[in-house]
Amino acid sequence: MSNQPEWYSPIRKVPLEYMGVKSNAWSVQIEHLTDKSEWKEVGVVSDNYLLIDNTKVEQLATDISEASGYQWTKDKIFWNGKQFMYSMIAKDITEEVSLGDDVSLGMMIWNSYDGSTALQFKLYLQRLVCLNGMVSNDIFKSFRFKHDSSSQNYEKEIMEAAKIIQGSTDNVRYMINALRTLEANELDMEMLALIREKHIPKLPISLFGNIVDNPTTYDLLNAGTNVLWHKQKQTKSDFDHNAYIVDNLINYANQL
């Protein structure tokens, strides 16, 4: 049996046809881990869909980290059979929320074999004391590419992500200031009800129930990111819910 994870297995795009008539759709297939003569379908895409191997995505992350001028270490890999995420942490880009509570800048690159997720670069923050990732769709810039023939120079273009890292200082400080405000904001039942109703109403009931027993709003945010970042069986929705909690509580902090 191969020790290589499935997300590094070879992939291919095969044209589909019916009774000799070719379709505009193509089957994306990944090589079976144990039987190299077998392939399994992971998605159906258009003929101009640019299929990008996950190993290239990891190399792009390494190239971006080197171009940024900071020191990065591998953080997390997410793979659900179709969608892939590779993340790294720059521990020399840190800010302090409070004494002993440092937060570092992280970057993640997303890819998919079925067209469900664009090839994209995103920044996030990680709380070093517990390694919780705090995802934000609002505060940090992202870099997105289309999976089609117009993106064949994506390796060169994505290096622009290094400039986003270098220009992220103000965004990091903005978010840290908001986290400090949340830390000073003690929660009571009335305020918790207000946050639930006005700021995070779309959060699933079961998830909200797992994170409510916390003394400050910062603790509430960290409880949410802890549950979502460290789940044993993660889904893409966990990262989306993470961003939903972070962005809306940061927005709440700026209203205090």
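Reading the values: the criteria
Residues numbered from 1 in each chain as written. Predicted model: local features only at pLDDT ≥ 70, side-chain atom pairs only at ≥ 80, totals over all residues. Heavy atoms only, no water. Helix = DSSP H or I, 4+ residues; strand = E, 2+ residues; numbered from the N terminus. Contact = heavy atoms within 4.5 Å. Areas by Shrake-Rupley, 256 points an atom, 1.4 Å probe, with all protein chains shown as cover. Lys, Arg positive; Asp, Glu negative; His and termini not counted. Charge placed at Lys NZ, Arg CZ, Asp CG, Glu CD. Salt bridge = Lys/Arg side-chain N within 4 Å of Asp/Glu carboxyl O. Buried < 20%, exposed > 50% of the residue type's maximum accessible area, 1.4 Å probe, protein only. Phe/Tyr/Trp six-rings, centres within 6.5 Å; stacked < 30°, edge-to-face > 60°. Lys NZ or Arg CZ within 6 Å of the ring centre and 35° of its normal.

A few words on the overall build of the protein. On a plain count of helices and strands, the protein comes out with 8 helices and 9 strands. Projected onto its principal axes, the C-alpha coordinates of the protein cover approximately 65 × 40 × 35 Å. Once local pairs closer than 6 in sequence are excluded, the contacts in the protein between residues at least 24 apart make up 60%. When the accessible surface of the protein is summed, it comes to about 13000 Å², and 47% of that surface belongs to carbon and sulfur atoms. Taken as two groups, the 25 positive and 34 negative side-chain charges of the protein have centres that lie 5 Å from each other.

Summed over the entire model, instances satisfying the criterion amount to 6 salt bridges. Measuring nitrogen to oxygen at the nearest pair gives 3.6 Å for the salt bridge that ties Arg173 to Glu95. Placement of Arg173 in helix α4 (residues 169–183) and of Glu95 in strand β5 (residues 83–98) is noted, with a sequence separation of 78 residues between them. On the accessibility criterion, Glu95 (23% relative accessible area) is partly exposed. For Asp238, the salt bridge goes to Lys231, with nearest N and O atoms at 3.2 Å.

Glancing now at the packing of aromatic side chains. With the rule as written, the count across this model stands at 8 aromatic pairs. Aromatic pair Trp7 and Tyr8: ring centres 5.8 Å apart, planes at 70°, arrangement edge-to-face. Arranged with centres 5.2 Å apart and planes meeting at 40°, the rings of Tyr124 and Trp229 form a pair that is tilted. One end of the pair, Tyr124, is in strand β7 (residues 119–127); the other, Trp229, is in helix α7 (residues 217–229), and 105 residues separate them in sequence. Grouped by ring-pair contacts, the aromatic residues Phe78, Trp110, Tyr124, Trp229 and Phe239 constitute a single cluster. Between the NZ or CZ atom of Lys76 and the centre of the ring of Trp229, over which it lies, the distance is 5.4 Å. Looking at Arg196, its charged tip hangs above the ring of Phe208, at a distance of 4.5 Å from the centre.

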